[in-house]
Structures are given as C-alpha cells and as structure tokens.
Amino acid sequence: MTSYHLIGHRLCPYVQRVAMVLAQSRVAHKRTDIALDAKPDWFLELSPTGNVPVLVVDDERMLFEAAAICQYLDAMCWKSLYSADTYYRALEQGVIAIADKILALTADLIYRDLSEQAVDATIHAIHMQMSIVSNLITPSIIFEDKDLSMLDIVFATVFRPFALISIGLNRDLFAGFPGLRGWASGLAAHQTVRNAVPATYHREMHEFIASKEGYLAKRIRMIPQNEITLANDTPAMKLV
C-alpha cells in the first residue's frame, strides 16, 4: 500500500490545496509542518526548490509543486476531482490558472505593497480576475456533506484570507460578486476546508501579516486580534 507524507507550512495556501485533495480523495497520509524562516536541513536536502509543499511517496520518492502533486493524486485516485467532460475539464484548469493569479496578487498585498496606492492597484487587479471567474462559472451550492471539486478546493485557498484582509484594509473584497461571496461562505463552513488549517488559523495569519513591512501589515497591527470579528467564518467568530 502506497504511503504519503505531506510536508508544508501551516498557513501556505498551496499546502492547503494538497491537504484538501488528499482528504477529498480519502487518502491516508502523514503531515509535517515546518517553519519557513528556519527550514530544517533534512527538508532542504529533500526539496529541489526549497519550497513547500513536498509530497514523499513510499518514503523514497518525492514530488514538489502543488499543481503537479494534485495532478498526480487525482490520477491515482478512483474518482477525479475534475469534470468528466473534456471541455469543462479544460475550462476548469483555465479558471484554476486565474485562481493562481489571485493568490499571487494576494501575496503582493501581504509582502510587497508598501503604500495605499499600491494596495489600490492590487485590489483592482484582484477584482478584475474575480470578474472573469464570475463570468465563466456558476459555483455549485456547498453542502456540509458535499464532495468538493478541484475548483472548490483551489478557491477555498484563494478566499480563506479575504475576511482578515478585508478587515485590515476596511474594504470588501467580494463587493460586486454575490455569487463568489456565497461560494466562499459555503466553502469556509465545509469540514475538509476547515481541517486543512489549524483551528488558530486566523490568529496565526494575523500575526504572520503583522510581522511584514507593507501597508496591510501596518493596518493589521493597529487592530488587536480580540477586536476582529470575521464575518466570513461560519459561525461568526472572534480572534482570541
């Protein structure tokens, strides 16, 4: 029987993606989280890029890059997380590429945007990508016992930090996109999505963003954790 060992970081969206694919495919696995600012030597010897996630197969073979790992797992499992229709499968992969662009723009908000003007430009770019997604797909309703698709899994990682970022910037990242807002809310409540991160995710994400030097970090540092209510959480919760 094949064994799987996922190595990643607690907050990384790409690690979350692999974790959810493993969970939705009912694949037993071990998970080890490492610190990105103090990567152990054994991990650096294992990963060709030094990045997470890494999936170790049978304690001897290694895969890297989330997209490649997810494609491998999807091919290995009895039921694909993509559409069975060839056209819609290709369309889904195109929309996933847009999701990756939104993740990259979100990283700009966290790491690189030093001014309000830079943040404005990035949020505009995020909204442009969300508009494309909104025009291309109609998300299905997410029930608690629903099996998630690959699109659901990918966008769960895209949407997860939006509530905290919206509070930090006092801007609604879902403004004008009620369908995407509903999709995000349903995904946030799904057990597979919730289990892909620690229960303290929002507190840890608050601390992670606040440790950076950008405009968003400065805004986040001004808001104590215990004063933040995350409307996108189900049920609504406070960071404590």
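Let us look at the structure shown here. (Residues numbered from 1 in each chain as written. Predicted model: local features only at pLDDT ≥ 70, side-chain atom pairs only at ≥ 80, totals over all residues. Heavy atoms only, no water.)

1. Let's talk about helix 8 (residues 178-189)
Item 1. Between its first and last C-alpha atoms helix 8 spans 17 Å; for 12 residues at 1.5 Å apiece the expected length is 16 Å, and the two agree.
Item 2. For helix 8, the complete set of buried residues consists of Leu180, Trp183, Ala184, Gly186 and Leu187. Along helix 8, the residues classed as buried sweep out an arc of 165° about the axis, all on the same side.
Item 3. The inward-facing, buried residues of helix 8 contact helix 5 (116-136), helix 6 (150-159) and helix 9 (191-195). (Helix = DSSP H or I, 4+ residues; strand = E, 2+ residues; numbered from the N terminus. Expected span 1.5 Å × (residues − 1). Buried < 20%, exposed > 50% of the residue type's maximum accessible area, 1.4 Å probe, protein only. Arc of directions from axis to C-beta. Contact = heavy atoms within 4.5 Å.)

2. Regarding the packing of aromatic side chains
The description of an aromatic ring pair uses the distance of the two centres, along with the angle that the planes make with each other.
Item 1. Here the structure, examined in full by the defined rule, presents 10 aromatic pairs.
Item 2. When the centroid spacing of 5.9 Å and the interplanar angle of 65° are considered together, the rings of Phe159 and Phe162 count as edge-to-face. Take Phe159 and Phe162: they sit in the same class, and that class is buried.
Item 3. By way of ring pairs, the aromatic residues Phe155, Phe159, Phe162, Phe174 and Trp183 are connected into one cluster.
Item 4. A cation over an aromatic ring shows up here: Arg160 above the ring of Tyr201, its NZ or CZ 5.5 Å from the ring centre.
Item 5. Directly above the aromatic system of Phe208 lies the positively charged group of Lys212, at a separation of 4.1 Å from the ring centroid. (Phe/Tyr/Trp six-rings, centres within 6.5 Å; stacked < 30°, edge-to-face > 60°. Lys NZ or Arg CZ within 6 Å of the ring centre and 35° of its normal.)

3. Structural notes on the sheet that holds strand 2 (residues 30-33)
Item 1. The sheet built from 4 strands is open, its strands ordered 2-1-3-4 with mixed pairing. Of all strands in the sheet, those with a lone pairing partner are strand 2 and strand 4 (61-64), marking the two edges. On average, each strand axis in the sheet is inclined to that of its neighbour by 20°, with strand direction left out of account.
Item 2. For strand 3 (residues 54-57) and strand 4, the ladder comprises 4 bridges, and the chain directions are antiparallel. (Pairing = 2+ DSSP bridges. Axes fitted to C-alpha atoms, helices over the stretch in contact; angles between N-to-C directions.)

4. Re the side chain of Thr106
Item 1. Tracing the backbone shows Thr106 in helix 4 (residues 86-112).
Item 2. In this view, Thr106 contacts Ile126, Pro161, Phe162 and Ile165; residues no more than four positions away in its chain are not counted.

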